[in-house]
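As a plain string of letters, each chain reads:
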Amino acid sequence: MVAGVGVRRAMQIYLAEDSFTAQQAYDWGLVAKVVPAVELKAATRELALRLAQNAPAGLAATKALIHRAATTPITQQLDAERNAIIDCMLTEDFRIAVKKFTSKGT
């Protein structure tokens, strides 16, 4: 929470137990998208379907890299990114994607 909204706002939320709106959560960067309650199920399904189109290893590596980025020195982060790319390139999903991509031209 502190990393997302800053110390002052986190103190306000936690200590004063101030509530906030969905729009405020969006404005503060706590959520990536706000939808009306009646659209929540459809929006969640749409996001899940979009994510499911990606290779699981790529998603997992990306999430791990993002979570460590703020606390990792840049050289270590770049090394981790290089290693994650290489690891993903060794998966069957990668081979299938390359084959699919290269066959489009023929």
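Scroll up a little and you will see the structure.
Asker: In this structure, what is going on with the packing of aromatic side chains? I would like to understand it.
Answerer: The geometry of an aromatic ring pair is captured by two quantities: the separation of the ring centres and the angle between the planes. Applying the stated criterion across every chain, the model contains 1 aromatic pair. Ring centres of Phe20 and Trp28 lie 5.2 Å apart, and the angle between their planes is 50°; this geometry places the pair in the tilted category. Note on Phe20: relative accessible area 32%, which makes it partly exposed.

Asker: Got a minute to help me understand the packing of helix H5 (residues 56-69) against helix H6 (residues 74-89) in this structure?
Answerer: Two quantities define a packed helix pair, namely the angle between the helix axes and the distance between the axes. Close contact between H5 and H6 brings their axes to 10 Å; oriented N to C, the two are set at 175°. Looking at the two axes, H5 sits roughly antiparallel to H6. Contacts between H5 and H6 involve Ala57, Gly58, Ala61, Leu65, Arg68 and Ala69 on the former and, on the latter, Gln76, Gln77, Ala80, Glu81, Ala84 and Cys88. Across the contact of H5 with H6, the residue classes tally to 7 nonpolar, 3 polar and 2 charged.

Conventions we followed
- Residues numbered from 1 in each chain as written.
- Predicted model: local features only at pLDDT ≥ 70, side-chain atom pairs only at ≥ 80, totals over all residues.
- Heavy atoms only, no water.
- Phe/Tyr/Trp six-rings, centres within 6.5 Å; stacked < 30°, edge-to-face > 60°.
- Buried < 20%, exposed > 50% of the residue type's maximum accessible area, 1.4 Å probe, protein only.
- Axes fitted to C-alpha atoms, helices over the stretch in contact; angles between N-to-C directions.
- Helix = DSSP H or I, 4+ residues; strand = E, 2+ residues; numbered from the N terminus.
- Parallel < 35°, antiparallel > 145°, perpendicular 65-115°, else oblique.
- Contact = heavy atoms within 4.5 Å.
- Nonpolar A, V, L, I, M, F, W, Y, C, P; charged D, E, K, R; others polar.

Note that every value here comes from positions in space, so none of it alone points to a role or purpose.
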